[in-house]
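Understanding the architecture of this molecule
Here's the letter readout for the chains.
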Amino acid sequence: MLLDNDKFLTGLAKTFEGSKDSKSVYLTMKRYTYSTKKTRAAVAAAESASGDSVMKTANDADKEYPTLVRLECGSLKKISTLVQPQDLDRFMVQYTNIIKINMDALKKKERKKAPKVKKATA
């Protein structure tokens, strides 16, 4: 379910509070592009049919894309938001604050101690 940024952050905080016991929370962030599989396949087919590759312009490299942020908690709760480039700094500050506050629910990794090897004196 796609939410606005503030509702997503509220849902993120509630999910962390509810999952302190045993649930896993998965967070994903990636660049959001507007192209679909059909348009990418059409461009690839046009390139292979003509035998020439299409040169990318300088505008393609400088283009700013929105960021898609997803939250999954088990198979029941899935929410996401689309963060525009101009709102990314404000969103990331709030996002990191929520993550830092809820880091206390993490379990420490149990490490096995390696047995000490005695050196033989000769």
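Described in the following lines is the structure provided in the data block. Note that this is a predicted model, so its numbers are computed, not measured.

A closer look at the overall build of the protein chain
On a plain count of helices and strands, the protein chain comes out with four helices and four strands. Tracing the protein chain from N to C terminus, the helices and strands come up as β-α-β-α-α-β-β-α. Residue burial in the protein chain is summarised as follows: out of 122 residues, 19% are buried. Intrachain contacts of the protein chain at a sequence separation of at least 6 include 72% that bridge at least 24 residues. As presented, the protein chain carries roughly 10400 Å² of accessible surface, and 55% of it is formed by carbon and sulfur atoms.

Observations regarding the pattern of salt bridges
All told, the structure shown has one salt bridge when counted by the stated rule. Put simply, Arg90 and Asp6 hold a salt bridge, and the shortest N to O gap is 3.6 Å. Here Arg90 is found in helix α4 (residues 88-101), whereas its partner Asp6 is found in helix α1 (residues 5-18), with 84 residues between them in sequence. Since its relative accessible area comes to 39%, Arg90 is described here as partly exposed.

Some remarks on the side chain of Thr81
With respect to the helices and strands, Thr81 occurs in strand β4 (residues 77-83). A distance of 2.7 Å separates polar atoms of two side chains, one belonging to Thr81 and the other to Asn5. Aside from chain neighbours lying at most four places away, what touches Thr81 is Leu2, Leu3, Asp4, Asn5, Phe8, Thr67, Leu68, Val69 and Phe91.

With respect to the nonpolar core
The biggest cluster of nonpolar side chains holds 12 residues, and these are Phe8, Leu9, Leu12, Phe16, Val69, Leu71, Ile79, Val83, Phe91, Tyr95, Ile98 and Ile99. Listing elements by their share of this core, those giving two or more residues are α1, β3 (67-73), β4 and α4. Discounting chain neighbours no more than four positions away, the residues touching Phe91 are Asn5, Phe8, Leu9, Val69, Thr81 and Val83.

Each value, and the rule that gives it
- Residues numbered from 1 in each chain as written.
- Predicted model: local features only at pLDDT ≥ 70, side-chain atom pairs only at ≥ 80, totals over all residues.
- Heavy atoms only, no water.
- Helix = DSSP H or I, 4+ residues; strand = E, 2+ residues; numbered from the N terminus.
- Buried < 20%, exposed > 50% of the residue type's maximum accessible area, 1.4 Å probe, protein only.
- Contact = heavy atoms within 4.5 Å.
- Areas by Shrake-Rupley, 256 points an atom, 1.4 Å probe, with all protein chains shown as cover.
- Salt bridge = Lys/Arg side-chain N within 4 Å of Asp/Glu carboxyl O.
- Polar contact = N/O pair within 3.5 Å; in protein donor to acceptor, adjacent residues only side chain to side chain.
- Core = buried A, V, L, I, M, F, W, Y, C linked by side-chain atoms within 4.5 Å.

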